[in-house]
Amino acid sequence: MGISSQHDADIVSLNALSQGAHAPHVTIDQSDIQPWLTDWRGRYIGNAMALVSPRNVKEVQHVVHWARRYNVALVPQGGNSGMVGGATPDESGRSIILSLRKMTAIRDIDIDGRTVVADAGMVLQNLHEAVAEKDLRFPLTLGGKGSATIGGLVATNAGGTQVLRHGNMRTLVAGVEAVLPNGEVFDGLKALKKDNRGFDLNQLLVGSEGTIGIVTAARLRLVPQLIDRTVIWAGLETIQQARKLLLHCQKMCGAAVEGFEVIPQTCLDAVLKHIPATKAPLSSRHDWYCLIELVQDDPAQHSPATLAEAIMEQALKKDLAQNAVISASEAQTEAFWKLRDSISEAERAAGPAVQHDISVPVQDMPDFIDTVIPQVEQQFAGTRAIAFGHLGDGNVHFHVIAPQGSMPEKWYAEDSKRISDWVYRQVMAWGGSISAEHGIGQMKRDILHELDSPARIFALKGIKRGLDPENIMNPGKLISNL
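Residues numbered from 1 in each chain as written. Predicted model: local features only at pLDDT ≥ 70, side-chain atom pairs only at ≥ 80, totals over all residues. Heavy atoms only, no water.

Student: For this particular structure, what's the right way to read the sheet that holds strand E4 (residues 95-99)?
Tutor: Strand-to-strand pairing in sheets goes through backbone hydrogen bonds, with the strands running parallel or antiparallel. Strand order across the open sheet formed by four strands is E1-E2-E4-E3, with mixed pairing between neighbours. Edge positions in the sheet fall to strand E1 (25-27) and strand E3 (73-77), since each has one partner strand and no second. Within the sheet, the average angular offset between the axes of one strand and its neighbour, ignoring direction, is 25°. (Pairing = 2+ DSSP bridges. Helix = DSSP H or I, 4+ residues; strand = E, 2+ residues; numbered from the N terminus. Axes fitted to C-alpha atoms, helices over the stretch in contact; angles between N-to-C directions.)

Student: How do you make sense of unusual backbone geometry when you look at a structure like this?
Tutor: For residues other than glycine, phi is negative in most cases, and the peptide bonds are mostly trans. Of note in the backbone geometry, Asn71 takes a positive phi value of approximately 55° without being a glycine. Tracing the backbone shows Asn71 in the loop between helix H3 (57-70) and E3. Of note, the phi angle at Leu478 is positive, near 65°, even though the residue is not glycine. Residue placement: Leu478 occurs in the segment after helix H17 (454-467). For Leu478, a relative accessible area of 9% corresponds to the buried category. (Buried < 20%, exposed > 50% of the residue type's maximum accessible area, 1.4 Å probe, protein only.)

Student: Sorry if this is basic, but what is going on with empty space enclosed by the protein here?
Tutor: Summary: where empty space remains is shown by rolling a probe the size of a single water molecule over the atoms. Tallying each qualifying case throughout the model produces two cavities of 30 Å³ or more. Put simply, the largest cavity is a space of about 50 Å³. Lining the largest cavity, in full, are Arg41, Met83, Val84, Gln355, His356, Asp357, His397, His399, His438, Met443 and Lys444. Those elements that place two or more of their residues in the lining of the largest cavity are strand E16 (353-359) and strand E18 (395-401). Counting residues per element, the lining of the largest cavity draws most heavily on E16, which supplies three residues. (1 Å grid on protein atoms, 1.4 Å probe; cavity = no way out; pocket = protein on both sides within 12 Å on 5 of 7 lines; lining within 4 Å. Points joined across faces, edges and corners; volume = space filled by probe spheres on them.)

Student: Hey, could you run me through the pairing of E3 in this one?
Tutor: Consecutive side chains along a regular strand alternate between the two faces of the sheet. By the criterion of burial, E3 is predominantly enclosed, with five of the five residues buried. Residue alternation in E3 divides its side chains into two sets, Ala73, Val75 and Gln77 and Leu74 and Pro76, and both sets are buried. In terms of strand pairing, E3 meets E4 through five bridges, oriented parallel. Looking at E4, one finds that Val75 is bridged to Ile97.

Student: Can you help me understand H3 in this one?
Tutor: Because an α-helix completes one turn every 3.6 residues, residues spaced three or four positions apart along the sequence face the same direction. If you check H3, its first and last C-alpha atoms are 20 Å apart, about what 14 residues at 1.5 Å a residue would give, namely 20 Å. Listing the buried residues of H3 in full gives Val57, Glu59, Val60, Gln61, His62, Val63, Val64, Trp66 and Ala67. One side-chain oxygen at the N-terminal end of H3 lies 3.2 Å from the backbone nitrogen of Lys58; it belongs to Asn56. Asn71 sits one or two residues past H3 and shows a positive phi near 55°. (Expected span 1.5 Å × (residues − 1). Polar contact = N/O pair within 3.5 Å; in protein donor to acceptor, adjacent residues only side chain to side chain.)

Any functional reading would require information beyond the geometric quantities listed.
Shown next, in the form of structure tokens:
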């Protein structure tokens, strides 16, 4: 088929997509589509013949039936804030972006059952605000909460900074609604306590990255609204101290520890340099910092401020930290968290770097950091490696920064893949995972298939082939070489 005849065929198929009782809004103006053709980090750029924006499940079904009929690939997209190119189309221009951003309804808030049903396009921050009005809380947050959507968070099994206490999306999802590749709607929103009808399709869809179905809504678990919270910002000499401090905090106050983040001085310096209105909490400099959030959601519990003082009094005596400050107000708590949440933005402003969202067994993470950082810097001359993030659940963001003066395009093309391959091999040797919370997308697809177990790859490919034999659901992401 020639270029003109292919163009004519595309026009015919898009006309069919725009017709019918459940036709979605279709945009073919490339100037309107262009902002959605690039991932958040600017690493992947694709093309699409249209941007389609359904407003409800019926319209999503219409799109899926159309895609099967005309053999057009669907690339689902929420806030387009993913880290692995999972929501970016390929360069062929033969796919459409299926944007869920117009599906923003909250269908139900069950106060007694502590759940909420939200459409896939609901922005995380808006969900937080909506359930707060009912004196409830959805206990997952992350730096991109102002753009990340519920559908995307479900599809990537997102984590965030409260996983230590509440778990990731897989734990917080009570049920999923999704349009499957054959156009049928799977409705798992009833959230049955006991349901033994075979595979758990809800959990199969969580983390599937849009490759076996389009998530259109989710029932999410809620917890009581916080009565109070306090953050400790502690300065430490080593990452080994951080692990000991975490165990100390958990021993003294258990579930009151909701977040435990580690931040090296180099990351703090980048934030202070590139992010306006940020200030170092301590006057002293330290190789490492811990950000520890303590919470109270029951009147019978001790106040977080009281717990924080007791924790740090003992920690300083036991040489688990060298200095610390406890937030004295909600504004100061937010200011401390801003330092942590701004690391990725600051790093992007600082220059090229290759990012690795990895996990190893929790108890091994300090040794991994101490061992692998000098190894990678020796292996790739001129680079600097940093690790920061959720030490309490064995997940850090392990970034390797390009040598000074590197040209971004040249460095990404020539060096970044070699660095990532090397890092991922170390992670697997330590019994870890090359993706802790960001997913696989297209960035990690090939290395996953090279390094992971044959059993896992066999299962992933089998599920994809069985549910999406035409390969119309986000092809080229997560699964390769069907």
